[in-house]
Amino acid sequence: MAGVGNGGEPKPATAARIYDYHLGGIHNFPADRAAGDAVARLFPLVPALARTNRAFLRRAVRHLAESGVRQFLDIGSGIPTAGNVHEVARSVVPDARVVYVDIDPVAVSESLEILDGDERAGAVRADVRDPQAILGHPQVRRLLDFGEPVGLLLVAVLHFVPDDEAAQAAVRPLREALVPGSYVVVSHAASDGVRDDDSGHVAVAKDVYQRSTATPFHLRSRPQVERFFEGLEIVEPGVVWLPEWHPAPDDPTDFAQDPSRSAGLAGVARVR
Ligand SMILES: C[S@@+](CC[C@H](N)C(=O)[O-])C[C@H]1O[C@@H](n2cnc3c(N)ncnc32)[C@H](O)[C@@H]1O
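Residues numbered from 1 in each chain as written. Predicted model: local features only at pLDDT ≥ 70, side-chain atom pairs only at ≥ 80, totals over all residues. Heavy atoms only, no water.

- Per an unreviewed UniProt entry, the protein carries the name SAM-dependent methyltransferase and comes from Dactylosporangium roseum.

What follows is the structure, given as structure tokens:
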């Protein structure tokens, strides 16, 4: 299964399956592994970045569930792996409802497989750049009640929307659909953490995604990431490096010495 580039040309690898490969998952194909290896040759830290991001996702979902959120919209959800959103949320709120959304058909079909028979969770194929299609999707409407707080998860997905205005335009209607008490969770590959000696590698890694997948990626600065939370009440400690957001004892220790090396910024904000 391949993605399609903007020019309609087939792209053999996908971001979801490269990420799955870096997490040690089994839902990836030779093209994904080749692209994943090409990126990891330049950035041996990439599998650690994936683990660190995934750990942030788990902590954020637990935090939201403990704050009373009972339903989650996870956009750019990826291929199911240990510690999925519905599992983490239900460890706190047993009847939590979750909709997974991803552009990659394999991520969606794998999600549907593990959710088979689950009346309170579903998976939908959609593009974050088309928020109205997500908000109006019959599965989303069936499972989520937008009259009640929703946890909107945009974790490691917005860097696949390179254009800044397009990314803001995607998030705005999603944010506006949320009632007070809802939360927005974002993690994002960051340009702030890139050292001068790594910048050439970033360019080459971007090129690998550009050539092999339909979803090229784009790093953003801290102010650009903070803009996704405009008008919301940011949860302390604000937008910080991934390992710094409410660290937990079972976190990966990869970036304990230097959190900025995680190259990812993360934040959570509450709708008021
Ligand atoms: C790095 S993975 C993150 C998975 C999960 N959110 C996590 O943090 O563990 C990024 C996911 O975003 C998805 N994605 C990329 N561009 C997208 C788009 N325009 N709309 C929806 N999903 C997208 C990819 O298919 C992939 O599954």
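Okay, back to it.
## So, the overall build of the protein
- A count of helices and strands for the protein gives 10 helices and 10 strands.
- In terms of C-alpha radius of gyration, the protein reaches 17 Å, essentially the compact-globule figure of 19 Å for 272 residues.
- Here the C-alpha coordinates of the protein stretch approximately 45 × 40 × 35 Å along the principal axes.
- Expressed as a percentage of the 272 residues in the protein, the buried residues total 54%.
- For the protein, long-range pairs separated by at least 24 residues make up 73% of all intrachain contacts whose partners lie at least 6 apart in sequence. (Helix = DSSP H or I, 4+ residues; strand = E, 2+ residues; numbered from the N terminus. Rg over C-alpha atoms; globule rule 2.2 N^0.38 Å. Buried < 20%, exposed > 50% of the residue type's maximum accessible area, 1.4 Å probe, protein only. Contact = heavy atoms within 4.5 Å.)

## What to know about the site of the ligand
- Inspection of the region around the ligand gives 19 residues, with Tyr-19, Asn-53, Arg-54, Gly-76 and Asp-102 positioned closest.
- Tyr-19 is positioned with one of its side-chain polar atoms (N or O) 2.6 Å from an oxygen atom of the ligand.
- The contact in question runs from an oxygen atom of the ligand to an N or O atom on the backbone of Gly-78, over 3.5 Å.
- With the chains in place, 98% of the 590 Å² that the ligand exposes on its own is no longer accessible.
- At the level of secondary structure, the elements contributing two or more residues to the shell around the ligand comprise α1 (15–22) and α3 (46–66).
- Looking at the shell around the ligand residue by residue, the classes come out as nine nonpolar, five polar and five charged. (Near = heavy atom within 4 Å. Polar contact = N/O pair within 3.5 Å; in protein donor to acceptor, adjacent residues only side chain to side chain. Areas by Shrake-Rupley, 256 points an atom, 1.4 Å probe, with all protein chains shown as cover. Nonpolar A, V, L, I, M, F, W, Y, C, P; charged D, E, K, R; others polar.)

## Focus: unusual backbone geometry
- Of the consecutive residues Glu-236 and Pro-237, the connecting peptide bond is found in the cis state with omega at 10°.
- If you trace the backbone, Pro-237 turns up in the loop between β8 (233–234) and β9 (240–241).
- Notably, Ala-263 is not glycine yet its phi reads approximately 55°, a positive angle.
- On the secondary structure map, Ala-263 appears in the loop between β9 and β10 (264–270).
- Accessibility expressed as a relative area gives 25% for Ala-263, which makes it partly exposed.

## Remarks on helix α8 (residues 164–176)
- Given a rise of 1.5 Å per residue, 13 residues ought to cover 18 Å, and the 18 Å separating the end C-alpha atoms of α8 matches this to within 8%.
- Turning to α8, its buried residues are Asp-164, Ala-167, Gln-168, Ala-170, Val-171, Pro-173, Leu-174 and Arg-175.
- Buried residues belonging to α8 abut β3 (71–75), α6 (131–136), β6 (151–155), β7 (183–189) and α10 (222–226). (Expected span 1.5 Å × (residues − 1).)

## Focus: the side chain of Arg-90
- Structurally, the position occupied by Arg-90 is in helix α4 (residues 85–92).
- The exposure class of Arg-90 is buried, given its relative accessible area of 18%.
- A distance of 2.7 Å separates the side chain of Arg-90 from the side chain of Asp-118, its partner in a polar contact.
- With residues near it in sequence (within four places) discarded, Arg-90 still touches Ala-96, Asp-118, Arg-120 and Ala-121.

## A few points about the pairing of β7
- For β7, the buried fraction is high: seven of the seven residues fall into the buried class.
- Side-chain alternation along β7 places Tyr-183, Val-185, Ser-187 and Ala-189 on one buried face and Val-184, Val-186 and His-188 on a second face that is also buried.
- Here β6 runs beside β7; their pairing, made up of five bridges, is parallel. Along β7, the bridge assignment pairs Leu-154 with Val-186.
- In this fold, β6 hands off to α8, which returns the chain to β7; that crossover is right-handed. (Pairing = 2+ DSSP bridges. Right-handed = clockwise from strand over helix to strand, strands pointing away.)

## Let's talk about helix α5 (residues 105–114)
- Among the residues of α5, those classed as buried are Val-106, Ala-107, Val-108, Glu-110 and Ser-111.
- On its buried face, α5 is in contact with α1, β4 (97–102) and β5 (121–125).
- Capping of α5 at its N-terminal end is provided by Asp-104; its side-chain oxygen lies 2.9 Å from the backbone amide nitrogen of Val-106.

## Notes on empty space enclosed by the protein
- Applying the stated rule across the entire model yields two cavities of 30 Å³ or more.
- In this structure, the largest cavity occupies an estimated 80 Å³ of space.
- Forming the boundary of the largest cavity are 13 residues, of which Ser-77, Gly-78, Pro-80, Asn-84 and Tyr-100 lie nearest the centre.
- Contributing elements (two or more residues each) for the lining of the largest cavity: α3 and α5.
- Looking at the lining of the largest cavity residue by residue, the class counts come to seven nonpolar, four polar and two charged.
- Roughly 40 Å³ of volume is contained in the second largest cavity.
- Residues of the lining of the second largest cavity, tallied by class, amount to one nonpolar, no polar and five charged. (1 Å grid on protein atoms, 1.4 Å probe; cavity = no way out; pocket = protein on both sides within 12 Å on 5 of 7 lines; lining within 4 Å. Points joined across faces, edges and corners; volume = space filled by probe spheres on them.)

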